[in-house]
Amino acid sequence: MVKDNAKKQVALLLADGFEEGEAVIVLDILERLDIQVTTLACQKSLTLRTYHGIQMQANELLSAQGDRLFDAVVMPGGPEGSVALAASKEVVEFVRRHDEAGKLICPLCSAAARVLGGNGLLKGRRYVCSGDLYKDVKDGVYVNQSFVEDGNLLSGKGLGLAFDFAFQLAYRLTGDAETTNFQADHIDYHHWRADQKL
C-alpha cells in the first residue's frame, strides 16, 4: 500500500445503547495513528447512554453534517444501538452517500446485519457480523472470519475482535504498515500485522 500523508477523517456513528467497548477501542487506535475521529450522535442529543448505561458525549450531531464526506464511516454494535442506527433514515442516507462515494463502510458486531443488511446496503458483498444475525440478511454473503474486507466494506465480528478491526481500518486508511505495526507493538497487541493474509 502507498502511504497517504493527508490526515484521514472518520465518522463514528453512535445511538443510545451502543457497545461502548467497540466504539472506544476503535477511536483509541485510530487516534493513535493520527486519524481524526468525529463521534456523531444519531439522535437529538449529544449525550448518549451506552449499552452498559454509561453516559458519554458525542462531538457533533449527525443532523449537523450536511453534505460532509468522511474517509470512513464506523458503526459499532450493541443490541439497542444497532437497532436505533438501522431505524434512522438519516443514518441510512449518510451510509449510502458515503458508500456511493467509495468511502470505507465499517460495521462492527451487529451493525453489519442490522444497519447494512436491514436496509439493503450490503449489495451482495461479503461481510461478517455477530451471532446468528446473518440468518436474517438477504443481500450479503456471510463469511465466518474475524473481519472481512470486500471492496470498500470492512466488517468485524464483535467486541473481542475490535483491536484487529481498528488496526486493519487504520492500515487501510493510511497505508503505513510500519507505523501501524509499531502502534500494535506499543500496546502489546501481537495478534495483528499489516502483512497478514485475510
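Keep in mind it's a predicted model, so treat the numbers as computed, not measured.

## Observations concerning the pattern of salt bridges
Per the counting criterion, the structure on display carries 9 salt bridges. In this structure, aspartate 28 engages arginine 32 in a salt bridge whose closest nitrogen and oxygen atoms are separated by 2.5 Å. In this pair, aspartate 28 and arginine 32 both sit in helix H1 (residues 20–32), 4 residues apart, roughly one turn of the helix. For aspartate 28, a relative accessible area of 31% translates into the label partly exposed. A salt bridge links arginine 172 to glutamate 149; the shortest N-O distance between them is 2.2 Å. Taken together, the residues span a long stretch of sequence, with arginine 172 in helix H5 (residues 162–174) and glutamate 149 in strand S10 (residues 147–150) at a distance of 23 residues. Classification of glutamate 149 by relative accessible area gives buried; the value is 17%. Through salt bridges with shared partners, a single ionic network connects Asp99, Lys123 and Arg125.

## Looking at the packing of aromatic side chains
With the rule as written, the count across this model stands at 7 aromatic pairs. Aromatic pair tyrosine 134 and tyrosine 142: ring centres 4.0 Å apart, planes at 15°, arrangement stacked. Its relative accessible area of 29% is what places tyrosine 134 among the partly exposed residues. Here tyrosine 142 falls in the partly exposed class, since its relative accessible area comes to 23%. Three or more aromatic residues joined by ring pairs make a cluster, and in this case those are Phe163, Phe167, Tyr171, Tyr189 and Trp192.

## So, helix H3 (residues 89–100)
Helix length check: H3, at 12 residues, gives a terminal C-alpha distance of 16 Å against a target of 16 Å (1.5 Å per residue), a fit within 8%. Taken as a whole, H3 has its buried residues at Val91, Val92, Phe94, Val95, Arg97, His98 and Asp99. Buried residues along H3 sit against strand S1 (9–14), strand S2 (36–41), strand S6 (72–75), helix H2 (79–87), strand S7 (104–107) and helix H4 (111–116). Taken from the residues just after H3, glycine 102 is the one with a positive phi, measuring 80°.

Parameters at a glance
Residues numbered from 1 in each chain as written. Predicted model: local features only at pLDDT ≥ 70, side-chain atom pairs only at ≥ 80, totals over all residues. Heavy atoms only, no water. Salt bridge = Lys/Arg side-chain N within 4 Å of Asp/Glu carboxyl O. Helix = DSSP H or I, 4+ residues; strand = E, 2+ residues; numbered from the N terminus. Buried < 20%, exposed > 50% of the residue type's maximum accessible area, 1.4 Å probe, protein only. Phe/Tyr/Trp six-rings, centres within 6.5 Å; stacked < 30°, edge-to-face > 60°. Expected span 1.5 Å × (residues − 1). Contact = heavy atoms within 4.5 Å.

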